[in-house]
Amino acid sequence: MKIALFGKQFGEIFYEKCACLLKHLLQAKADIYIYRPFHEFLTQTAHLKVDCSGLFNGYADLPECDMMFSIGGDGTFLDAVTMIRNRNIAMVGINTGRLGFLADIAMEELPTAVSEILQGKYTTKQLDLLSLETSVPCFGELNFALNELAVQKRDSSSMITIHTYLNNEFLNSYWADGLIVATPTGSTAYSLSVGGPIVHPTAKEFVITPISPHNLTVRPLVVPNDFEISLRIEGRGGKYLASLDSRSCILDDSVSLTIRKANFTVPVIDRI
């Protein structure tokens, strides 16, 4: 079995648990490949003994693996998705601190959970992503999101207007601080914090949620994820902020956005 490890820095409280994880993987005779910056943290800061088959820097040199263990929080999990993209590598989220939705294996259950996963006692669910198309190469190859696309005003004064279309038919002009288009996975993230509904992870939907709309009769909307959503933004500043999960860039309001369901899914392991 080939397993990739991706993570970021974590506190001393997790050092012992991480050592236990590495021990379990070696005892299972797994070939371990570690994200290079994470390997440096483990060996130089956490001072852990790490035996691995190789290191990787990103998507391009990531070996073909059976699983990737994301060690951190939900933000780390989202970054790990950018490493595997369409490689169909099953994700395992290990939480090193506070509550996580995506990184759902807590420290206290780590030994048992890892043992069960290595014994094949799990199911796999496929999570849909969204993809973004723009007329400028803002996000490059990382033009997808597991959680959401968000567009927001750049300053603290005037709102922006987001003209929204479904399959090229006009839906609404949102006068607001911004707008979120979320996947079912992302429905429990930013969208939920601004009043959006919770959608079941396997639902084939997008959630369109305005951020602080001026018109209080405007409410979140759930639409099928085979719809094409187009956004055209107007604002006094002439620019706006677009974010895909944790990645963001500033765009001119002459740049329109087109959102579709991504042409790949991310497999995530669920314990039985």
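See the structure shown above.
Criteria and cut-off values
- Residues numbered from 1 in each chain as written.
- Predicted model: local features only at pLDDT ≥ 70, side-chain atom pairs only at ≥ 80, totals over all residues.
- Heavy atoms only, no water.
- Pairing = 2+ DSSP bridges.
- Helix = DSSP H or I, 4+ residues; strand = E, 2+ residues; numbered from the N terminus.
- Axes fitted to C-alpha atoms, helices over the stretch in contact; angles between N-to-C directions.
- Buried < 20%, exposed > 50% of the residue type's maximum accessible area, 1.4 Å probe, protein only.
- Right-handed = clockwise from strand over helix to strand, strands pointing away.

S.K.: Looking at this model, I keep getting lost on the sheet that holds strand β11 (residues 178-182). Mind explaining?
M.R.: For sheets, the rule is that strands pair by backbone hydrogen bonds, running either parallel or antiparallel. Taken in spatial order, the six strands line up as β13-β12-β11-β8-β15-β16 in an open sheet, and their pairing is antiparallel. At either margin of the open sheet sits one strand with a lone partner, and together these are β13 (221-224) and β16 (247-252). Strand-to-strand twist in this sheet, taken as the mean axis angle between neighbours without regard to direction, amounts to 20°.

S.K.: Explanation requested: unusual backbone geometry in the structure shown.
M.R.: A negative phi angle is the norm for most residues apart from glycine, just as the trans form is the norm for most peptide bonds. Of note in the backbone geometry, histidine 47 takes a positive phi value of approximately 55° without being a glycine. For histidine 47, a relative accessible area of 63% translates into the label exposed. In this structure, asparagine 168 takes a positive phi of about 70° despite not being glycine. Positionally, asparagine 168 belongs in the loop between β9 (160-166) and β10 (169-176). Of the residues examined, asparagine 168 reaches a relative accessible area of 62% and is grouped as exposed.

S.K.: Would you mind going over the pairing of strand β5 (residues 90-95) with me for this structure?
M.R.: Residues in a regular strand point their side chains to alternate faces of the sheet. Most of β5 is tucked away: six of the six residues are buried. Here β5 shows no split at all, with Ala90, Val92 and Ile94 on one side and Met91, Gly93 and Asn95 on the other all buried. In terms of strand pairing, strand β4 (residues 67-72) meets β5 through six bridges, oriented parallel. Counterpart to glycine 72 in the pairing with β5 is asparagine 95. Regarding topology, helix α3 (residues 74-84) serves as the crossover connection from β4 to the parallel β5, and that connection is right-handed.

S.K.: Explain the pairing of β9 to me, please; I cannot follow it from the model alone.
M.R.: Counting buried positions over the seven residues of β9 gives five, a clear majority of the element. As defined by bridge partners, β9 adjoins β10 across seven bridges and the pair is classed as antiparallel. Counterpart to threonine 161 in the pairing with β10 is tryptophan 175. If you look at the hairpin formed by β9 and β10, you'll find two residues sitting between the two strands, and asparagine 167 has a positive phi there, around 50°. Summarising the sheet, β9 and strand β14 (residues 229-234) pair through six bridges and their orientation is antiparallel. Bridge pairing links tyrosine 165 to serine 230 in β14.

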